[in-house]
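Now for the letters of each chain:
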Amino acid sequence: MSYENLLVINQDGILWVTVNRPDKLNALNGGTLRELDDAIAAAAADGSVLAVVVTGAGEKAFVAGADIAELNRLGPVEAKEFSLRGQGIFDRIERLTKPVVAAVNGFALGGGCELAMACHIRIASSNAVFGQPEVKLGLIPGYAGTQRLPRLVGRGRALEILLSGRNVSAEEAERIGLANIVCEPAALKETVTTLLNGILANGPLAVGHCIEAVNHGLNMSFEDACRLEATLFGIGAASDQMREGTSAFLEKRKADFRS
Ligand code: COA
């Protein structure tokens, strides 16, 4: 499918999904969200896609939020639908069992910060700016920012960031666990690619099961989550990939999970 607001390129198994509205700082309008949902569904179904990177076009913004021009026109019923629709799309990103990295190349505000948080890992360029400034617009975050931010940085820090609506620099984001790695802007693509190539050398089933155990486990009791872990551990032991990984160790050679 061709997209109006996204650039989608598969580079050696890594699908680069670039939100492409640089004149609006890549703000997420309804059309862009629909395309993002489609691109993620296609990535899930396509065996040639091993991992996904979400980023923004241009040097200034990752995504500067939901499109405020669209927000301005919403009534209460539509606003709830708008929120549920976006939450659903971001959930589908989070639940992808292939690794998803946000390459945060500039402003990641509001829905942009929420999109980055829905990705499994966030790599930020040193000029990235995170934040949930919705309160400044008389709104609250609607794409699960009130839920994912405290899970990443803790309740006290999340509330301070949410209530103030202030900007969070890349350096602070790394310090508080909102960003995993910060690098120079020119090194962003290489940093993401190196990280992903390292992940993709590991057992694909095990990588997918880690994502599933963390995502689902965090919404369960500790006891139930540990049972889920044990079940996935058992399924892994039924796979050729587990046999290959453990045999490779014992035979002192590099594991080859993909041939
Ligand atoms: N929705 C719609 N349009 C947006 C947008 C958003 N979230 N963020 C930026 N834009 C548009 C601006 O309206 C402007 O469009 P125009 O040239 O047609 O007037 C263009 O993108 C450039 O933005 P501008 O504000 O001129 O850039 P800046 O460098 O002065 O400021 C920001 C950058 C990110 C600080 C500022 O754009 C901003 O505060 N954006 C909104 C952030 C926000 O509140 N996000 C949460 C939304 S829920």
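Undergrad: Describe the site of the ligand, listing the residues and the values that go with them.
TA: In the region of the ligand, 16 residues are neighbours, and K24, K60, A64, A66 and I68 sit closest. At 2.9 Å from a nitrogen atom of the ligand is found a main-chain nitrogen or oxygen belonging to A64. I68 places a polar main-chain atom, nitrogen or oxygen, 2.9 Å from a nitrogen atom of the ligand. For the ligand, whose free accessible area comes to 860 Å², the fraction covered by protein is 58%. For the shell around the ligand, the secondary-structure elements that each account for two or more residues are α2 (68–71) and β6 (107–109). A per-class count over the shell around the ligand returns 10 nonpolar, 1 polar and 5 charged.

Undergrad: Residue-level account of the sheet that holds strand β1 (residues 6–11), with values.
TA: Backbone-to-backbone hydrogen bonds join strands into a sheet, with any given pair of strands oriented parallel or antiparallel. Taken in spatial order, the 6 strands line up as β1-β2-β3-β5-β7-β10 in an open sheet, and their pairing is mixed. Both edges of this open sheet fall to β1 and β10 (181–183), since each of them pairs with a single strand only. Along the sheet, successive strands turn relative to each other by an average axial angle of 20°, direction set aside. Sheet topology note: the strand β2 (residues 14–19)/strand β3 (residues 51–56) ladder contains 6 bridges and is parallel. Each residue of the ladder has a partner; that of V19, found in β3, is G56.

Undergrad: Lay out the domain arrangement of the protein in plain terms, naming residues and giving numbers.
TA: Assigned domains within the protein: domain 1 (6–200) and domain 2 (204–250). Distance between the C-alpha centres of domain 1 and domain 2: 27 Å. Of the roughly 580 Å² buried where domain 1 meets domain 2, counting both sides, 61% is carbon and sulfur surface. When residues of domain 1 are sorted by the area they lose upon contact with domain 2, R95, T97 and R151 head the list and together hold 57% of the total. For the pair domain 1 and domain 2, the interface holds 0 salt bridges. Taken together, domain 1 and domain 2 are joined by 1 residue pair in polar contact (both at pLDDT 80 or more). Counted by class, the side of domain 1 that touches domain 2 contains 3 nonpolar, 2 polar and 4 charged residues.

Undergrad: Hey, could you go over the nonpolar core for me, with residue numbers and the actual values?
TA: In terms of nonpolar packing, the biggest core is built from 48 residues, with V52, F62, F90, V104 and F130 touching the most fellow members. Setting aside residues no more than four positions away along its own chain, V104 makes contact with F62, A116, I123, A124, S125, A128, F130 and L188. Counting 16 residues, the second-largest nonpolar core is a separate cluster that includes I14, V101, I123 and I199.

Undergrad: So what about unusual backbone geometry? Which residues, and what values?
TA: Even without a glycine there, the phi angle at A144 is positive, about 75°. Mapping A144 onto the fold places it in the loop between β8 (129–131) and α5 (145–153). The backbone of K252 shows a phi angle near 55°, a positive value even though the residue is not glycine. Relative to the helices and strands, K252 is located in the segment after α11 (240–250). Residue K252 is classed as exposed on the basis of its relative accessible area, which comes to 78%.

Definitions and cut-offs
Each residue is numbered by its place in its chain's sequence as written, counting from 1. Local features in this predicted model are restricted to residues whose pLDDT is 70 or higher, and side-chain atom pairs enter the listing and the counts only when it is 80 or higher, whereas totals over whole chains, interfaces and linings include all residues. Think of the side-chain values as coming from all heavy atoms in the structure, minus any hydrogens and water. Here a residue is near a molecule or strand as soon as one of its heavy atoms is found within 4 Å of it. Two N or O atoms count as a polar contact when they lie within 3.5 Å, although within protein this holds only if one can serve as hydrogen donor and the other as acceptor, and sequence-adjacent residues are included solely when both atoms are side-chain atoms. Working definition of accessibility: Shrake-Rupley area with a 1.4 Å probe, residue cover restricted to the visible protein chains. Helix and strand assignments follow DSSP, with helices taken as H or I runs no shorter than four residues and strands as E runs no shorter than two, numbered in order from the N terminus. In this classification, the charged set is Asp, Glu, Lys and Arg, the nonpolar set is Ala, Val, Leu, Ile, Met, Phe, Trp, Tyr, Cys and Pro, and all remaining amino acids, among them Gly, are polar. At least two bridges found by DSSP between two strands are what make those strands a pair. Lines fitted to the C-alpha atoms define the axes, with helices restricted to the stretch that makes contact. Angles between their N-to-C directions range from 0 to 180 degrees. Delimitation of the domains relies on an automatic or database domain assignment. When two parts are brought into contact, each loses some accessible area as probed by a 1.4 Å sphere; the total of that loss over both is the buried area. A carboxyl oxygen of Asp or Glu within 4 Å of a side-chain nitrogen of Lys or Arg is what we treat as a salt bridge. Nonpolar cores were defined as sets of buried Ala, Val, Leu, Ile, Met, Phe, Trp, Tyr and Cys residues, with membership established by side-chain atoms within 4.5 Å. The buried label goes to any residue with under 20% of its type's maximum accessible area, the exposed label to any with over 50%, and the partly exposed label to all in between, with areas taken from a 1.4 Å probe on protein chains only. For this analysis, residues touch if any pair of their heavy atoms sits within 4.5 Å.

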